[in-house]
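Chains, contacts and geometry: an overview
What follows is the residue order along each chain.
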Amino acid sequence: MSGRHGGTTTGQAQRPKRFLPSIATMSLGSAKLHALDTKLKVAASKGFLGIEMYWDDLFQYSVQFRNKASPYAAAQEQQRGATSSLAVLLAAADIAELAARLGLKITCLQPFRNFDGLTDPGLRARRLDEFRLWLATARRLGTDIIGVPSALPTVRPDDYTGSRRAVAADLAGLARLARPHGIRVAYENLCFAAHVRDWHQAWDAIQLADEPDNLLFLPDTFNLCGRTYMDPEHASGKTPNAAADLEASLQRLVEAVPVRRMPLLQVADAELPDRPLTRAHPWRGEAGLPALMALSRNARLFPFEERGYLPVLDVIQTLVAAGWEGWLSLEVFSRTTAAEGDETIRQHADRAWDSWEKLARLMGWQARPLLDGSGPSA
């Protein structure tokens with residue numbers, strides 16, 4: 001009899017679980033300062049098997065295709081802030097070919113931002129047109145996952161609602177649109193979002209959407225810790241009952257969400273700031289970013305790096321104990337990626353691979369598994 005999380009029938013031989021190293025392209029440098037093709041080449045040279053494709057990186061890479069096609073048109077498009085669909089698709093095909101030569105799997109295209117809970121029908125229609133381009137792009141890239149994070153707190157409040165039914169309806173719409181293309185939508189709670197901040201809110205909307213085959217939950221160690229463990233405005237960086245509250249939250253998570261609905265795991269630690277992120281802190285800026293968002297944008301770290309303070313290993317161990325396996329994507333947003341030059345890419349790739357090797361050693365995994373088609377396909 002199969003178990004809750006997809007166990008095997010008694011007496012059947014169980015294959016070893018597989019855990020595969022991937023890195024998000026934004027973890028290697030700025031989209032505007034660092035070339036996407038260089039990022040892929042460096043990641044592959046370190047040993048990574050997968051790439052989580054950040055839309056901003058691909059869009060910047062597409063600029064050269066617009067320039068080749070028509071320099072004048074490209075200049076006009078940039079002035080208007082328009083996106084050339086053809087250039088993006090050409091860039092995606094070129095990157096897919098490069099990834100194949102390098103032996104890299106493109107695991108996911110993300111983030112399709114600020115879609116859940118829309119209140120303006122006209123805005124929704126325009127965003128759905130954008131999503132159709134994303135679907136075509138994902139197919140060119142050869143990935144079957146598009147990541148959709150919960151709406152940012154910087155959106156216009158009048159344009160969005162936190163209604164669980166409205167959020168679920170929007171997610172269902174994306175999932176239905178993606179299904180004929182063989183693409184799945186993975187919804188992620190951002191701990192600093194406008195409305196959907198915790199995993200249970202995201203899972204509630206996913207269940208309400210009732211698209212079990214095409215709508216998934218995207219776990220992220222930073223965001224799983226965000227609402228129960230982290231308080232960047234406190235000197236300790238933690239909530240009063242951080243460890244106990246996180247443990248209870250993770251237990252509820254693995255009891256509620258089947259691991260087959262988690263296509264990959266995004267992994268990041270956080271740097272404990274030198275001083276609390278109060279409203280006067282420069283990271284929060286004139287826009288008055290929420291403390292967790294300011295921390296996320298400026299001070300994520302790869303696991304086990306100096307000044308990291310989140311129990312990332314505990315989160316991973318809990319999910320693995322519940323039966324999860326697959327791609328781990330090191331996803332770090334950091335002020336350190338803004339330094340110019342290819343050395344920034346190499347430095348972040350070195351840091352990321354050191355992090356992966358430490359994680360693999362602690363978990364008893366192969367640091368350099370083979371990507372031979374027999375493991376997880378997500």
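This text goes with the structure placed above it.
Report on the accompanying structure. (Residues numbered from 1 in each chain as written. Predicted model: local features only at pLDDT ≥ 70, side-chain atom pairs only at ≥ 80, totals over all residues. Heavy atoms only, no water.)

1. Observations concerning helix 12 (residues 342–363)
Taking 1.5 Å of rise per residue, 22 residues should cover 32 Å, and helix 12 covers 32 Å from first to last C-alpha, within 8% of that figure. Along helix 12, the residues that are buried comprise T344, I345, H348, A349, A352, W353, S355, W356, L359, A360 and M363. Down the axis of helix 12, the buried side of the element spans an arc of 160°, and every buried residue falls inside it. Across from the buried face of helix 12, at angles greater than 90 degrees, the exposed residues are R361 and L362. Of the surrounding secondary structure, the elements contacted by the buried residues of helix 12 are strand 1 (19–24), helix 1 (36–46), helix 11 (312–321) and strand 10 (326–330). Phi turns positive, to about 75°, at G364, one or two residues after helix 12. (Helix = DSSP H or I, 4+ residues; strand = E, 2+ residues; numbered from the N terminus. Expected span 1.5 Å × (residues − 1). Buried < 20%, exposed > 50% of the residue type's maximum accessible area, 1.4 Å probe, protein only. Arc of directions from axis to C-beta. Contact = heavy atoms within 4.5 Å.)

2. Remarks on the packing of aromatic side chains
Applying the stated rule across the entire model yields 9 aromatic pairs. Residues W55 and W134 carry aromatic rings whose centres are separated by 4.4 Å and whose planes lie at 10° to one another, so their mutual orientation is stacked. Here the residue W55 occupies a position in helix 2 (residues 55–69), and W134 occupies one in helix 5 (residues 121–141), the gap between them amounting to 79 residues. Judged by its relative accessible area of 13%, W55 falls in the buried class. Residue W134 is classed as buried on the basis of its relative accessible area, which comes to 5%. Each ring, one from F112 and one from F115, has its centre 5.8 Å from the other, and the planes form 45°; the classification is tilted. (Phe/Tyr/Trp six-rings, centres within 6.5 Å; stacked < 30°, edge-to-face > 60°.)

3. A short note on the pairing of strand 7 (residues 264–267)
Of the two faces of strand 7, both are covered, the one formed by L264 and Q266 as well as the one formed by L265 and V267. Summarising the sheet, strand 7 and strand 10 pair through 4 bridges and their orientation is parallel. Across the sheet, residue L265 finds its bridge partner in strand 10, namely L328. (Pairing = 2+ DSSP bridges.)

4. Some points on the pattern of salt bridges
The tally for this structure, following the rule as stated, stands at 20 salt bridges. With a closest N to O distance of 2.2 Å, R179 and E211 form a salt bridge. Of the two residues, R179 is situated in the loop between helix 6 (164–178) and strand 5 (184–188) and E211 in the loop between helix 7 (199–209) and strand 6 (215–217); the sequence distance between them amounts to 32 residues. Judged by its relative accessible area of 42%, R179 falls in the partly exposed class. Put simply, D220 and R300 hold a salt bridge, and the shortest N to O gap is 3.3 Å. Placement of the pair is D220 in the loop between strand 6 and helix 8 (221–226) and R300 in strand 9 (residues 300–301), with a sequence separation of 80 residues. The same class applies to D220 and to R300, which are both buried. Taken together, the shared-partner salt bridges in this structure form one network comprising E271, D274, R307 and R335. (Salt bridge = Lys/Arg side-chain N within 4 Å of Asp/Glu carboxyl O.)

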